Each structure stands twice: as C-alpha cells, then as structure tokens.
Amino acid sequence: MVKIAPSILAADFAELGAAVRAAEAAGADYIHVDVMDGHFVPNITIGPPVVAALRSTTKLPLDVHLMIEAPDRFLADFAKSGADIITVHVETCPHLHRTVQAIRALGARPGVTLNPATSLETVRESLPYVDQVLVMTVNPGFGGQSYIPTMTDKVARLAAMIAATGRTVDIEVDGGIDPTTAPMVVRAGATVLVAGTNVFRNAHGLAVGISELRAAANSALRTSGG
Ligand code: DX5
Ligand code: ZN
C-alpha cells in the first residue's frame, strides 16, 4: 500500500496541533516535517522543540526531512524529540555512511534524499543501510511548486536500483504531488507520497485531499498490476 505523508509546511503554523490531529483522523500514514536552515535552502522553518511538541499530539510516525547544512550536529536532538524517520540530503553529508549509521544508532529509521539535479549514483552505496530514499520532485525550500516531469524516470531508475539489492527500501517523493502527478510516480515505483498544498490547502478540505491522493495512488497500482 502507498503511504500518504502530509507535509505540515502548508498547515496553519498557529494551529499546528489541530492540523496534525486532523491529518491523523483523515487517515494519514506519516506526518512529514520540513526542517530548513536558511543555508542549504533559502527558507527557515522549525527545529527540535516543534518536533517534540508534535510528538505529544500524534501517534503517527514523524517523518523528519532535514534541509540543513551539517545535519550530524542535530541528529541526536531530533531523535530525542521523537522523530521516527530522519532523512538527510546527500548534498550536505560528506560522510554519508557514518551519518546514516548514526541515525540508526539513535533509534530512528534513516533516509537519504537528493535534489532534482543530483545523480542517483550518490545514493547507490547507501541502499544497504537505509529504510527510505526520498526523491525531491521540486527544488527544496518552498511548498506549492510544480512537479518536475523528468523526476518520474528518476523514480523508475531508483526502483530498479533498489530491486537489484533485494532489500525493501521505501521510495518517497516530495514536491508538487497531487491527484494528477501521484499516479505517475506510483507507477514508477514510489511508495510514500508527501503532499503539503494539496492536503492542508485543499479547497475541499484536508480529508478530501488525502482520500483523493489515496484513490489516485490505488488506481495507478491497479493499472500497473503492482
Ligand atoms: C519542499 C518540502 C516539501 C513541501 C511540499 O522543500 O520538502 O515537503 O512541503 O509541498 P507541496 O506538496 O506543496 O509541493
Ligand atoms: Zn519535505
């Protein structure tokens, strides 16, 4: 089954707890938390205290996406705050093998991610060690951007790379995911769909946003026989 991970970046930050509870009630599988430092990406969002506060509002796994330089400095803080999955950008980690092991040693599930222009070869050597690879389908930093169409083929190539390892590794996609783009990425092999705008700013409400994404993902699985 494809998992839906609403990104709270698009939620009302003054009512974050309510937004997370509503997403859980509407059937979300993870809560996706976008951490930005104003250096790696041109935007600043939230840090470990907010993750800790969210931890007390939901039982859902907190899927923490670190868009920060030198993330090793903060892995322990995020793990202690209750992050279940910690994903780091390959562009920020010169010692990625060590970073991924550190996340696992802290009791969290390690993920790696890469920008749209970064080659899949940068994650190949980490596939035996991670639980998730996040394919950025927009340039990180902001919600509400358009899906980059060439990322569909990148997801398909990553799926083949993972299949060759014989391991189960989730493929997450993030950026511009809606009922039109979701079937394309699911057919290509995506197993976790992050969506901010389409869930928290959906004109028909968040529950409709989640159920439309799930229906789009399921229809793609049926037509691809997956
Ligand atoms: C972008 C973030 C995304 C963002 C997705 O840097 O990593 O998680 O919230 O937002 P939408 O779904 O609006 O493209
Ligand atoms: Zn994200």
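Everything below is about the structure printed above this text.
Note that the coordinates shown come from a computational prediction; the quantities given were computed from them, not determined experimentally. (Residues numbered from 1 in each chain as written. Chains lettered and ligands numbered in written order. Predicted model: local features only at pLDDT ≥ 70, side-chain atom pairs only at ≥ 80, totals over all residues. Heavy atoms only, no water.)

Caption draft 1: Region of interest: the coordination of the zinc ion (ligand 2). The protein atoms donating to the zinc ion (ligand 2) are H32 (NE2), D34 (OD), H65 (ND1) and D174 (OD), with metal-donor distances spanning 2.0 to 2.3 Å. Going along the chain, you hit the donors of the zinc ion (ligand 2) in the pattern H-x1-D-x30-H-x108-D. In this pair, D34 is assigned in strand β2 (residues 31–36) and H65 in strand β3 (residues 62–67), connecting sequence segments 31 residues apart. Owing to a relative accessible area of 6%, D34 belongs among the buried residues under this scheme. Overall, H65 belongs to the buried group, its relative accessible area being 1%. (Donors = N, O, S within 2.8 Å, 3.2 Å for Na, K, Ca; no water. Helix = DSSP H or I, 4+ residues; strand = E, 2+ residues; numbered from the N terminus. Buried < 20%, exposed > 50% of the residue type's maximum accessible area, 1.4 Å probe, protein only.)

Caption draft 2: Geometry of the packing of helix α6 (residues 151–163) against helix α7 (residues 181–188). It is at 8 Å that the axes of α6 and α7 come closest, and there the two elements cross at 25°. In this view, α6 runs roughly parallel relative to α7, as classed from their interaxial angle. Crossing hand, α6 versus α7: right-handed. Taken together, the residues of α7 that come into contact with α6 (itself represented by T152, V155, A156 and A159) are M184, V185 and A188. Among the residues making up the contact of α6 with α7, the classes are represented as six nonpolar, one polar and no charged. (Axes fitted to C-alpha atoms, helices over the stretch in contact; angles between N-to-C directions. Parallel < 35°, antiparallel > 145°, perpendicular 65-115°, else oblique. Left-handed = near helix turned anticlockwise from the far one by under 90°. Contact = heavy atoms within 4.5 Å. Nonpolar A, V, L, I, M, F, W, Y, C, P; charged D, E, K, R; others polar.)

Caption draft 3: Just the site of ligand 1, in detail. Lining the immediate surroundings of ligand 1 are 20 residues, of which D34, G141, D174, G196 and T197 lie closest. Here an oxygen atom of ligand 1 sits 2.9 Å away from a polar atom, N or O, in the side chain of S7. Here an oxygen atom of ligand 1 and a backbone polar atom of G141 are 2.8 Å apart. With the chains in place, 98% of the 380 Å² that ligand 1 exposes on its own is no longer accessible. Counting residues per element, the ones that place at least two in the shell around ligand 1 are β2, β3 and β8 (192–195). In terms of residue count, β2 provides more of the shell around ligand 1 than any other element does, three residues in total. Each residue belonging to the shell around ligand 1 can be placed in one class, and the counts come to eight nonpolar, ten polar and two charged. (Near = heavy atom within 4 Å. Polar contact = N/O pair within 3.5 Å; in protein donor to acceptor, adjacent residues only side chain to side chain. Areas by Shrake-Rupley, 256 points an atom, 1.4 Å probe, with all protein chains shown as cover.)

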